[in-house]
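# Architecture at a glance
So you can see what is in the structure, the chains are spelled out below.
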Amino acid sequence: MKFSVSKETLVKQLQMVVGVVERRQTLPILSNVLISLKQGELALTGTDLEVEIVSRAVAELAGDVNAEITLPARKLLDICRSLPDGVDIKFSTNDKGRVVISSGRSRFTLSTLPAEEFPNVEDGAETLEFTLSANKLKQLIDSTSFAMAHQDVRYYLNGMLWEVSADKLNGVATDGHRLAISSVDLPGHVSDSTVQVILPRKGVVELSRLLVDEGDITVSLGEAHLRVRGSDFHFTSKLVDGAYPDYDRVLPKGGTLVVRGDRDTLRQAFSRAAILSNEKYRGVRLLLSENLLNIVANNPEQEEAQEEVPVEYLGTELEVGFNVNYILDVLNTLTGDEAVFILSDANSSALIQDPADEAGSSYVIMPMRL
């Protein structure tokens, strides 16, 4: 087997797939990347048995036009990165079954494992398929994924809910203390009923990383798998088997206390107050009066931070506590100039929105007792 490929092409392909390759594996072959050559196309596959990514590119082949090998993923990426820009990298197998990688005066010999042992994420029937812009899907993921739980015993919260209705895709994430929801319109009528699937955390992170081009992608939903096909990659992830909470019941309704303020001014004020907040609980108090927001943070050392922020507010005076990190996550995610907080009372959740957001993203944060 012989083939050569440009450094830039190979590094780009490796960077796509190496994210799913775990550093410590129970199966040694899961530390490898599968390299497949077929009719002038070079395909690289990485998997951890839950998520699989295949990147594709055109390669200059010599000798065998159809071949498969596996190589240590991270070693291969480190080697390719270390070579000079603009060079071609040549691959060949020696008589000992090892792979020789050469470029200019550099030469590396790597061990390999049988390609037939490389696992394949199970195929399943696809029940729903739609096409949308890669940029829109990435925006949907990035505007909600920060609210996913991390290693929660409620395993279904360690991922993102995708809800497909007639012509809309909703993305929902929650860790039980906060909730993020965003939507994107789909071209045409997609489904007669509402379909819900839960994409695991790692799948969400890796998919967001892949969505860098401006073209369209195709999303296919099955009973146990989700697939996304782009121009140069195929992404497959197993789905979380579980029932997601009814997020619509969590969304506050009928809030009458509305606070409007400059997003960047609020973000900076909360960031400064967070410096002296309790490192364990991260709570800050919000004191609202007419057109003024006071942010107060304390810590066990009896230190205190106070920030006054001019806002649009004509409701009654109110004092309520929130986790400052949760507020900052939302303010860092919003892209508009203004942020709107909608409250009912000191014991109710806050609803945060961006008036200029066409996706209608909404964020819910539960209050804290301080």
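The shown structure was predicted, so the numbers you read here are calculated from the model rather than taken from an experiment.

### Thoughts on the packing of aromatic side chains
One pass over the structure, following the stated rule, counts three aromatic pairs. Centre to centre, the rings of Tyr155 and Tyr156 are 5.5 Å apart; their planes meet at 70°, and the pair counts as edge-to-face. The exposure class of Tyr156 is partly exposed, given its relative accessible area of 23%.

### Let's talk about helix H3 (residues 134–142)
Residues separated by three or four positions in an α-helix point in the same direction, a consequence of the helix having 3.6 residues per turn. Turning to H3, its buried residues number three or more, namely Ala134, Leu137, Leu140 and Ile141. The buried side chains of H3 occupy one side of the element, clustering within an arc of 125° when seen end-on. The distance from a side-chain oxygen at the start of H3 to the backbone nitrogen of Asn135 is 3.2 Å, and the residue carrying that oxygen is Ser133.

### Some thoughts on the nonpolar core
General note: in soluble globular proteins, nonpolar side chains tend to be found buried as a group. If you look at the biggest cluster of nonpolar residues, it comprises 99 residues, and the most contacted ones within it are Phe91, Leu137, Trp162 and Phe270. Looking at which element gives the most residues to this core, the answer is helix H6 (residues 324–333), with six residues. Setting aside chain neighbours within four positions, we find Leu137 in contact with Leu132, Trp162, Leu169, Leu207, Leu211, Ile217 and Val219. If you look at the next biggest cluster of nonpolar residues, it comprises 15 residues, including Val172, Leu251, Val340 and Val364.

### Concerning the packing of helix H5 (residues 263–274) against H6
The interhelical angle for the contact between H5 and H6, taken along N-to-C directions, is 150°, at an axis separation of 10 Å. Judged by the inter-axis angle, H5 sits roughly antiparallel to H6. By crossing handedness, the relation of H5 to H6 is classed as left-handed. Two secondary-structure elements touch here, H5 through Arg263, Leu266, Arg267, Phe270, Ser271 and Ala274 and H6 through Val324, Ile327, Leu328, Leu331 and Asn332. Looking at the contact of H5 with H6 residue by residue, the classes come out as seven nonpolar, two polar and two charged.

### What about the sheet that holds strand S21 (residues 304–310)?
Spatially, four strands are ordered S21-S20-S19-S22 in an open sheet, and the strand pairing comes out antiparallel. Strand pairing shows two members of the sheet lacking a second neighbour, S21 and strand S22 (318–323), which therefore form its edges. Ignoring strand direction, the axes of neighbouring strands in this sheet form an average angle of 20°. The sheet contact formed by strand S19 (residues 283–289) and S22 spans six bridges and is antiparallel. The partner of Leu287 across the bridge, within S22, is Glu319. Running at roughly 170° to S21, H5 makes contact with S19, strand S20 (292–298) and S21 of the sheet. Packing against the sheet, H6 makes contact with S19 and S22, and its axis sits at approximately 80° to S22.

Rules used throughout
- Residues numbered from 1 in each chain as written.
- Predicted model: local features only at pLDDT ≥ 70, side-chain atom pairs only at ≥ 80, totals over all residues.
- Heavy atoms only, no water.
- Phe/Tyr/Trp six-rings, centres within 6.5 Å; stacked < 30°, edge-to-face > 60°.
- Buried < 20%, exposed > 50% of the residue type's maximum accessible area, 1.4 Å probe, protein only.
- Helix = DSSP H or I, 4+ residues; strand = E, 2+ residues; numbered from the N terminus.
- Arc of directions from axis to C-beta.
- Polar contact = N/O pair within 3.5 Å; in protein donor to acceptor, adjacent residues only side chain to side chain.
- Core = buried A, V, L, I, M, F, W, Y, C linked by side-chain atoms within 4.5 Å.
- Contact = heavy atoms within 4.5 Å.
- Axes fitted to C-alpha atoms, helices over the stretch in contact; angles between N-to-C directions.
- Parallel < 35°, antiparallel > 145°, perpendicular 65-115°, else oblique.
- Left-handed = near helix turned anticlockwise from the far one by under 90°.
- Nonpolar A, V, L, I, M, F, W, Y, C, P; charged D, E, K, R; others polar.
- Pairing = 2+ DSSP bridges.

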